[in-house]
Amino acid sequence: DTYKRPIYRLEKPTHAQHTAIDVTELSKLQFDILLIAGSEGKGIQLPIKGTSVFIQHTIQLESLNISHALAIALFERVTTH
């Protein structure tokens, strides 16, 4: 494996993705990870496969600002890791 760590993609999950976890699961991982986040409009443009990480929110909210989403993910990651 090129990256030597499991890859997690902070993104909106689609029905085509079979592997997705809630952002709160990041704190339960007992190993180092590589977390990828993309731009707010186009998302992740890198052709790198990984487990999708999503943040639950109300249906009225189309998406989160990427800096806010990344702050939530990093907070969840370090709170118990």
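Our subject is the structure listed above.
Being a predicted model, the structure only gives us computed values, none of them experimental.

Colleague: Can you tell me about the sheet that holds strand β3 (residues 34–37), naming the residues and giving the values?
Modeller: Ordered by their spatial adjacency, four strands build an open sheet running β2-β4-β1-β3, and the pairing between neighbours is parallel. Pairing within the sheet leaves two strands with one partner each, and these edge strands are β2 (20–22) and β3. Sheet twist, expressed as the mean angle between neighbouring strand axes with direction ignored, is 30 degrees. Bridge count between strand β1 (residues 7–10) and β3: four bridges; the pairing is parallel. Paired with L10 across the bridge in β3 is A37.

Colleague: Can you lay out the nonpolar core for me, pointing to particular residues and giving the numbers?
Modeller: In globular proteins that are soluble, nonpolar side chains generally tend to be buried together. Judged by nonpolar contacts, Y8, L10, I21, V23, L26, L29, I33, V53, I55, A69 and A73 together constitute the single largest core of 11 residues. Where this core is concerned, the elements lending two or more residues are β1 and α1 (66–80). Setting aside anything within four residues of it in sequence, one finds L26 in contact with Y8, I21, I33, V53, A73, E76 and R77.

Colleague: Tell me about the pairing of strand β4 (residues 51–54), and name the residues and values.
Modeller: Of the two faces of β4, the one lined by T51 and V53 and the one lined by S52 and F54 are each fully buried. Pairing between β1 and β4: three bridges, direction parallel. The residue of β4 that forms the bridge with R9 is S52. In this sheet, β4 lies alongside β2 in parallel orientation, the contact comprising three bridges.

Cut-off values and rules
Residues numbered from 1 in each chain as written. Predicted model: local features only at pLDDT ≥ 70, side-chain atom pairs only at ≥ 80, totals over all residues. Heavy atoms only, no water. Pairing = 2+ DSSP bridges. Helix = DSSP H or I, 4+ residues; strand = E, 2+ residues; numbered from the N terminus. Axes fitted to C-alpha atoms, helices over the stretch in contact; angles between N-to-C directions. Core = buried A, V, L, I, M, F, W, Y, C linked by side-chain atoms within 4.5 Å. Buried < 20%, exposed > 50% of the residue type's maximum accessible area, 1.4 Å probe, protein only. Contact = heavy atoms within 4.5 Å.

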